[in-house]
Amino acid sequence: MMPCSFRRLFFRQFSLVYRISFWFSRHLSPLGHFLLGLLMVSAAFGANTHAAAAYQLSALLAALFCLALLWSFFSRRATPPLSVERLTPTYGTMGEPMRYQIAIINTGTSTERGLSLLDCLDVRFPNWKEFSASVDSDKEHRNPFDRYVGFHRWQELMRMNRGASMAEKTLPDLPPGLRITVEMELTPLRRGRLRFDRVCIYRPEPFGLLRTRHTFPLPKVRCVLPRCHPVSPLPPAGSRSYQHGGVALANAVGESEEFLSLREFRHGDVPRNIHWRSSAKLGRLVVKEFQDEYFVRRALVLDTFCVPSRTEEFEAAVSVAASLAIREPQRDSLLDLLFIEQQAHCFTAGRGLSETVGMLEVLAGVQPIAQGTIELLTQHVLQGASALSSVVCVLLAWDQPRKNFVESLHAIGLPVSVLVVQEQPPDTIQESTEADSVLKTESVLSYLRHIRPSHLADDLQWN
Amino acid sequence: MELKYPALSLPLALLFWGWQSEMLPLAAVILILAILSLKTPWRWEMGMAEFHRVGDLATVLFGFAIVYFYSTDGDTPPIYQILRWLPVLSSPLLFGQIYSMGQLLPLSSLFYSMRRYANPSKLDIRLPYAFLCILSAGSGNPDDQSYYIGVTAFVLWVLWFNRPKRQPLIVWLLCFALAVILGYGIQTGHVKLQAEAEEWAADWFTAWEPDPFKARTAIGDRGNLKLSSRVLLKVYSDQPLHHPLLLKEATYDRYSDQHWYVSNALFLPYTPSQQNGPYQITVLHLLAQHSVLLAMPSGMSGVDGPWQNDLLRNRLGTIKWMETPPVTRYRVAYDPNVKDSTGPTTFDTQLPQETSEMLAPLARDLNLRRLQPEQAVATIADFFATHFAYSLDLGKPRNSGEALRDFLYRRHAGHCEYFATATTLLLRTAAIPARYVVGYSVQEFDWDGKAYLVRKRHAHAWTEAYVNGAWQTLDNTPTRWAEEEAKADPWWQPVADVWSSWAIAIKVWRWERGQHPQQGFPWWGWLMLPLGVWLGWRLYRSRKKVANPLSTDPSSRLPDQPKDLEYSRLEQKILASGHPPRNPGETPLRWLRRLGLEIHEQEVLEFYRRRYGGE
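Computed from a prediction, not measured in an experiment: that's the story for all the values here. (Residues numbered from 1 in each chain as written. Chains lettered and ligands numbered in written order. Predicted model: local features only at pLDDT ≥ 70, side-chain atom pairs only at ≥ 80, totals over all residues.)

1. Here's the deal with helix H13 (residues 416–429) of chain B
Residues and elements named next belong to chain B. Here H13 is 14 residues long and its end C-alpha atoms lie 20 Å apart, about the 20 Å a rise of 1.5 Å per residue gives. The buried count for H13 comes to 14 of 14 residues, which makes it a mostly enclosed element. Ala431 lies just past H13 and shows a positive phi near 65°. (Helix = DSSP H or I, 4+ residues; strand = E, 2+ residues; numbered from the N terminus. Expected span 1.5 Å × (residues − 1). Buried ≥ 20, exposed ≤ 12 C-beta atoms within 10 Å, placed from the backbone.)

Printed below as a string of structure tokens:
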């Protein structure tokens, strides 16, 4: 086994390798890549000019690349006369295509031809701490060298830091004064902030081997919401509770639902709410958003105590919490999201306070914490328990501290529903003989359900 | 920007390769099979596994070619032979694509590491294959400028089809012309640079090894050889050797300033006799040199080898073989009891003045001048055996002029060159003609190879003295010198020996195959033939007849698509003229109206009627 210093040495070279490969991938056209490879092979065979004529091929290719390089170098300063504008939606959803437009106007006097466009996201290189803590999801398919060096892990971290993969678009010819709109699409790979940085326009040299990059800085930050899934209803929320300052809220009590607005379809929305006419007009699904008028107070508790190796399960837990968050306000008027991240957080959504999307924004930014125990969360929840009608807990394990947490809630008379998000079934559920793996045990729990991250959509449908 | 395949690239490249590599029949076969794929409806259903097998077949062919070309010793280096055959070796990849159901070649068929991915990238092999042909055509005559012309034309053809169309045509053509001129300059410069480098290297090697034919030698030359255990010779003896056999490589008769020279060292043509002797050995010389000095035992009576008037010999008996093959094998008959009785010359007794003065005290002590030649020889032998030790570790280098004095009067230790030089010079002080001889000592028997191994460290020096009317061999180096040197072998020497014996066996095998080229159909061909027939039969049976997507008849092409085809062409035409594309959800008719292209409305309405029916 090679010592760790070798791994560090490799790690330091990753960014260099990335920069070089990025330069080649962006500055060489497919034909340029191909001919550069041919140049190297022919140069190897043609090294000895007495043995073969291959050196003549390498000489011609070298001359072509020399001229192409010179052309690219001198044309770097001549920025194309273009005006670029990016039109993005406010939100995206993790794992779902996010469509937006880039408008380009040719402000020059001649037609711009052969251009291509790449929208770039801001990305930072992972540090050693992040790299050493990362886990390769495809470890079993790697050879021992790849497993040791971990370049795939580094690439995965880069992808996640960037947040989405962007494809290059070839632009049509741009006559002077014409404004065109390029339809762009990206699929967010993670929730949180998506930092658009710049738009790059690539201009080829005459041979089409190399391309000159021209950058248009257009920084913009957009929020990627967690992915949501349809959720079966949880048990009734219990009795309504007295709410501090609830006079204004009490005016809204009722059973009817009020139309609020239209918005883009997000995975997990009820198909019944799709507004078909608007969908047909826009070419993508649009749903009606309602604001309910029924009002009890429910707490949604998210367990954030997670070791780095269980990132996938934590993401699934956030997704479960988000799915519950967009479902619950339709039944209850207020929903408190409680979790610990550096400090205790409580975010309330409901009529008159904030929209569900605000809660999704909060969930988009929540991060796991490696240190700390569930007791911190227990104290935080119990402080405001008197105003709650019921509690829904999204937990990452079903161990004794978490059982104690649930027991303490039950002891003060709150109905508690627990969703345990982990791949392996919790002990209690393993011992269960019930076919649907729902368990009512020890009179502590009103509802316990095991959610597998790999079968998230299925496991959230328990009816 | 996609990589476009320019029409006719593949046929042109194949023909160019056939012409330049003088493999036109093979190029024609591949070309006919490629053209046939456009005409025949036969196709093979190629899944990922089948493509991988095609890639494996190309790899096997490539491996087979490497083994074959490296095992035969032709005029062209193996790497260029492989380059010449590359289009044939990689043809399964081309046929795999063009006889598939319109699929492209997955890169996993070329790169084994990509086979773990479910959807590897794909490649249209036609253009890479065409360029492979162009590269392979470069295995031909390096001085033929028709290759450059052909390459220029082909690259022009490919770049033309893939040009960005930003610049005016005249600018593009001027740029390309400039590249052609610059390319010509680069290749001319490359040729000149190589010539300069070769000249410089030749000078450097000459400085490093001033005398490849050993017209002189210095004390220390043999000592350097003793630092390596590399096998130089293999000696097969008909009889077991009870004593180390000395193989003489070169003899020297003039000494000056620590160097031995040959006087009148003119090499003349030599035709060896083929007489038999009581002892016979076969020597396998394994150094790849253009010319070698033959190592011969004393009392050589006849020598037999594959030479034809290539031997030269000087008056001291040193035999040189010019233009040797990579492996040199010759058989020598000898009788150790037969001594060379050619008389000495004045050079054999000459001593430089300063050397004579340096040896005078020792000669006086040993009383050499008053002894009979036999007694003088014995006295000198006794003197070295009694007072001297063998050592390769001579400590800090001393003034070269003083090395012999240091050996005789102070250190009393040294290696064979010191003993041989001192013996020769002391004999001359006693007026006995003597010569300095270098060669090898044969003493290490390899039981596996049933031969004696002569390593570099077995290089040796000794003396020949003219006593009793004949040249006698005198070796006053302590007899344990070989054991002393063997101790310096590294611990991995046995492994290196096994590797070396394999390398020697392959080298000899290659050379022997080259000496006796096979006539007619090769034996391995008879083994491969049934396999080829079986593979062909399997391919024939697994074919499928499909509508040819490349047929020229539009009615037979893609039966469900003609309705869309005309509209698709119209759309391409509009996009090519610089109009923005259709928005998502926008109907073709609305798109045309948005662009103000109502002139094409009828075509779109016709497309609607064909596609959806009604009016």
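2. Notes on the nonpolar core
In this structure, Val301(A), Ala321(A) and Ala325(A) are the most contacted members of the largest nonpolar core, which totals 73 residues. At ten residues, the largest contribution of residues to this core is made by helix H9 (residues 311–327) of chain A. Split by domain, the residues of this core number at least three in each of domain 1 (4–225) and domain 2 (247–256 + 293–459) of chain A. The next biggest cluster of nonpolar side chains, apart from the first, holds 64 residues, and it includes Ile281(B), Ala333(B), Tyr466(B) and Trp481(B). (Core = buried A, V, L, I, M, F, W, Y, C linked by C-beta atoms within 7 Å. Domains from an automatic or database assignment.)

3. With respect to the environment of Gly413(A)
Residue and element names in this part refer to chain A. Structurally, the position occupied by Gly413 is in the loop between helix H12 (400–411) and strand S16 (416–421). Here Gly413 falls in the exposed class, since 9 other C-beta atoms lie within 10 Å of it. Counting along the chain gives 28 residues from Gly413 to Ala385, while the straight-line C-alpha distance between them is 9.7 Å.

4. Things to note about the sheet that holds strand S5 (residues 164–165) of chain A
Across the sheet, which stays open at both edges, the four strands sit in the order S1-S3-S7-S5 (chain A) with antiparallel pairing between neighbours. The open sheet terminates on both sides in strands that have one partner only, identified here as strand S1 (82–87) and S5 of chain A. (Pairing = 2+ DSSP bridges.)

5. Quick notes on the packing of helix H1 (residues 9–20) of chain B against helix H7 (residues 146–161) of chain B
Residue and element names in this part refer to chain B. Look at H1 against H7: their axes get within 11 Å of each other, and the N-to-C directions meet at 170°. One way to sum up the angle between H1 and H7 is to call them roughly antiparallel. Of the residues in H7, those in contact with Ser9, Leu12, Ala13, Phe16 and Gln20 of H1 are Tyr147, Gly150, Phe154, Trp157 and Val158. Its residues placed into classes, the contact of H1 with H7 shows seven nonpolar, three polar and no charged. (Axes fitted to C-alpha atoms, helices over the stretch in contact; angles between N-to-C directions. Parallel < 35°, antiparallel > 145°, perpendicular 65-115°, else oblique. Contact = placed C-beta atoms within 7 Å. Nonpolar A, V, L, I, M, F, W, Y, C, P; charged D, E, K, R; others polar.)

6. What about the pairing of strand S9 (residues 211–225) of chain A?
Residues and elements named next belong to chain A. Of the pairings in the sheet, the one linking strand S2 (residues 91–93) to S9 comprises three bridges and is parallel in character. Among the inter-strand pairings, Tyr91 is bridged to a residue of S9, identified as Cys223. Between strand S8 (residues 192–204) and S9, which pair antiparallel and follow one another directly, the connecting turn spans six residues, one of which, Gly208, has a positive phi of 75°.

7. Points about unusual backbone geometry
All names here are of chain B. Here Glu22, not a glycine, exhibits a phi torsion of approximately 55°, which is positive. Look at Asn468: it is not a glycine, yet its phi comes out positive at around 55°. Considering the arrangement of structural elements, one finds Asn468 in the loop between strand S22 (459–467) and strand S23 (470–474).

8. Observations regarding the confidence of the model for chain B
Residue and element names in this part refer to chain B. Summarising the model, chain B shows a mean pLDDT of 82, and 88% of its residues fall at 70 or more. Of the regions scoring below 50 in pLDDT, residues 208–213 engages in four contacts with residues more than four places distant in sequence or in other chains. Below pLDDT 50 for its whole length, residues 548–561 participates in nine contacts with residues either more than four positions away or in separate chains. Quick note on the complex model: pTM equals 0.65, ipTM equals 0.72. (pLDDT = per-residue confidence, 0-100.)

9. Remarks on the interface of chain A and chain B
Counting residues at the interface gives 42 residues for chain A, matched by 48 residues for chain B. Elements represented by at least two residues in the side of chain A that touches chain B include exactly helix H2 (30–45), helix H3 (54–75) and strand S7 (179–188) of chain A. In terms of residue count, H3(A) provides more of the side of chain A that touches chain B than any other element does, eleven residues in total. Per-class residue counts for the side of chain A that touches chain B are 26 nonpolar, 13 polar and three charged.

10. Structural notes on the sheet that holds S9(A)
All names here are of chain A. Here we have five strands laid out as an open sheet, ordered S2-S9-S8-S4-S6, and mixed in their pairing. At either margin of the open sheet sits one strand with a lone partner, and together these are S2 and strand S6 (169–170). With six bridges connecting them, strand S4 (residues 116–121) and S8 associate as antiparallel partners. Looking at S8, one finds that Leu117 is bridged to Ile201.

11. Quick word on the environment of Met160(A)
Residue and element names in this part refer to chain A. Tracing the sequence through the fold places Met160 in helix H6 (residues 151–162). The sequence separation of Met160 and Pro188 amounts to 28 residues, and the corresponding C-alpha distance is 9.1 Å. Every residue in contact with Met160, bar those within four places of it in the chain, is listed here: Leu189 and Arg190.

12. What about the UniProt feature "transmembrane region" (unreviewed entry) in chain B?
All names here are of chain B. Per the UniProt record, the feature "transmembrane region" (unreviewed entry) sits at residues 23–42, 54–70, 146–162 and 169–186. The straight-line gap between the two end C-alpha atoms of residues 54–70 is 24 Å; of that span, 100% is helix and 0% is strand. Secondary structure within residues 146–162 divides into 94% helix and 0% strand; the distance between the first and last C-alpha atoms comes to 25 Å. (UniProt positions renumbered as here; feature names shortened; annotations may be inferred.)

13. Observations concerning helix H11 (residues 374–383) of chain A
Residues and elements named next belong to chain A. All buried positions along H11 are accounted for by Ile374, Leu377 and Val381. An end-on view of H11 places all buried positions within 55° of arc, on one side of the element. Turned more than 90 degrees off the buried face of H11, the exposed positions are Glu375, Gln379 and Gln383. The inward-facing, buried residues of H11 abut strand S12 (297–302), strand S13 (334–341), strand S15 (390–395) and H12. (Arc of directions from axis to C-beta.)

14. Some points on the pairing of S8(A)
Moving residue by residue along a regular strand, the side chains alternate between the two faces of the sheet. Relative to S9(A), S8(A) runs antiparallel, the two sharing twelve bridges. Bridging from a neighbouring strand, Gly192(A) pairs with Val224(A) of S9(A).

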